[in-house]
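Commentary on secondary and tertiary structure
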Amino acid sequence: MDISAIRNIQSEAISQAASQTKVQGDSTFDSIFSTALGMLDETNQLQNTAESMEIQFALGLADNTHDLQIAQKKANTALAYTVAVRDKVLEAYNSIMNMQM
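Side note on the overall build of the chain
Regarding its fold elements, the chain presents three helices and zero strands. When the helices and strands of the chain are read in sequence order from the N terminus, they spell out α-α-α. Looking at the chain residue by residue over its 101 residues, the buried ones come to 13%. Nonlocal contacts in the chain, meaning residues at least 24 apart in sequence, comprise 46% of its contacts between residues at least 6 apart. Surface summary for the chain: the accessible area is close to 8200 Å², and the carbon and sulfur share equals 57%.

Listed below in structure tokens is the structure:
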């Protein structure tokens, strides 16, 4: 799966996915699916980290709002990319299902 056509997007997750796909050299569904699951796990970890930092800040255990905002922004960006990929996958699935044989 060549994603080099995606331009003007500066994201560590996308760069990492592109490098993993190129290194593997395998464009089977299994490799693409496992890469997507890895990205879901990373998104989940970022969400959990942000939530943990929010709780620590609310309890007064942390006072650095800068780190809190960074964690929240990372989590929101990862979630936005995950939702965008999900929407494209569903759109592709619906296109395939609407094809006439």
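A short note on the packing of helix 2 (residues 29-58) against helix 3 (residues 65-97)
Packing of helix 2 against helix 3 brings their axes to within 9 Å, and their N-to-C directions diverge by 150°. By the angle between their axes, helix 2 is roughly antiparallel relative to helix 3. Crossing of helix 2 over helix 3 shows left-handed handedness. On helix 3, the residues touching Leu 40, Thr 43, Leu 46, Gln 47, Ala 50, Met 53, Glu 54 and Phe 57 of helix 2 are Thr 65, Asp 67, Leu 68, Ala 71, Gln 72, Lys 74, Ala 75, Asn 76, Ala 78, Leu 79 and Thr 82.

Thoughts on the confidence of the model for the chain
In low-pLDDT regions, the fine details of the predicted coordinates are not to be read closely. For the chain, per-residue confidence averages 81 on the pLDDT scale, and residues scoring 70 or more make up 73% of the total. Per-element confidence in the chain is highest for helix 3, whose mean pLDDT is 92, and lowest for helix 1 (residues 12-24), whose mean pLDDT is 61.

Conventions we followed
Residues numbered from 1 in each chain as written. Predicted model: local features only at pLDDT ≥ 70, side-chain atom pairs only at ≥ 80, totals over all residues. Heavy atoms only, no water. Helix = DSSP H or I, 4+ residues; strand = E, 2+ residues; numbered from the N terminus. Buried < 20%, exposed > 50% of the residue type's maximum accessible area, 1.4 Å probe, protein only. Contact = heavy atoms within 4.5 Å. Areas by Shrake-Rupley, 256 points an atom, 1.4 Å probe, with all protein chains shown as cover. Axes fitted to C-alpha atoms, helices over the stretch in contact; angles between N-to-C directions. Parallel < 35°, antiparallel > 145°, perpendicular 65-115°, else oblique. Left-handed = near helix turned anticlockwise from the far one by under 90°. pLDDT = per-residue confidence, 0-100.

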